[in-house]
Amino acid sequence: MEINYLVENVEMPALNEEALMSWIEAVARNHDKSVGALTYIFCDDEYILATNRQFLQHDYYTDIITFDYSRRHRIAGDMVISLDTVRSNSQQLGVNYDSELLRVIIHGVLHLCGINDKGPGEREIMERHENEALAIVPENIFAK
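Residues numbered from 1 in each chain as written. Predicted model: local features only at pLDDT ≥ 70, side-chain atom pairs only at ≥ 80, totals over all residues. Heavy atoms only, no water.

Visitor: Hey, could you go over the pairing of strand β1 (residues 2-8) for me, with residue numbers and the actual values?
Guide: Both β1 and strand β2 (residues 34-43) contribute to a ladder of seven bridges, which runs parallel. Bridge pairing in β2 links Tyr5 to Tyr40. This β-α-β element, β1 to helix α1 (residues 17-30) to β2, shows left-handed connectivity. (Pairing = 2+ DSSP bridges. Helix = DSSP H or I, 4+ residues; strand = E, 2+ residues; numbered from the N terminus. Right-handed = clockwise from strand over helix to strand, strands pointing away.)

Encoded structure:
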C-alpha cells in the first residue's frame, strides 16, 4: 500500500498519514478490497475546474474527482479534492470542515471499491457507506 499526497495552490491538510492509511485499509477491507497505490491531490477550485474540463468535459466545480485504476480486488487511483469546495460545502451543510474533508476523502475510496452515486437510489447507498466509514475514523486522524 502506498499513499502519495500532492498539493496545487493550497496547503496540505494536517492529516496523520499513518492513521489515514489504517482507516483507508479498514474501509477497503470492509468491502473485500486491498489497497494499492493511491494519490490524493489537494487543490483549489480553479484547479479542479480545469481538471473537470480537461478529463471529463464537465464545466463545473466539484469537491472530488476520482480516477480509478483498480484491478480486481486491489483498489488504486488518483483523487483530486478541492479544499475550497469542501469548505463551502461544510458551510452550506452546517457541518464541521474536518468532518466534511474526511467524508470527501473516503468518498473517493468508496468509488474505488465500486460504490456509485449517480444512478437512482445510489446516492443514499453511498451516504450509508460514508457514514459507516466515518464511524470508524481513528481519533488521531488529524496531526496535532
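From this point, the narrative continues.
Visitor: Lay out the nonpolar core with the relevant residues and their values.
Guide: Nonpolar side chains in soluble globular proteins generally cluster together in the buried interior. Residues Trp23, Ile24, Tyr40, Phe42, Ile81, Ile105 and Val109 are the most contacted members of the largest nonpolar core, which totals 34 residues. Among the secondary structure elements, those contributing two or more residues to this core are β1, α1, β2, β4 (74-82), α3 (83-93), α4 (97-112) and α5 (122-134). Take this core: its biggest share by element is nine residues, from α4. The contacts of Tyr40, once residues within four sequence positions are left out, are Ile3, Asn4, Tyr5, Leu6, Ile24, Met79, Ile81, Ile105 and Val109. Ile41, Cys43, Phe67 and Val80 belong to the second largest nonpolar core, which has six residues in total. (Core = buried A, V, L, I, M, F, W, Y, C linked by side-chain atoms within 4.5 Å. Buried < 20%, exposed > 50% of the residue type's maximum accessible area, 1.4 Å probe, protein only. Contact = heavy atoms within 4.5 Å.)

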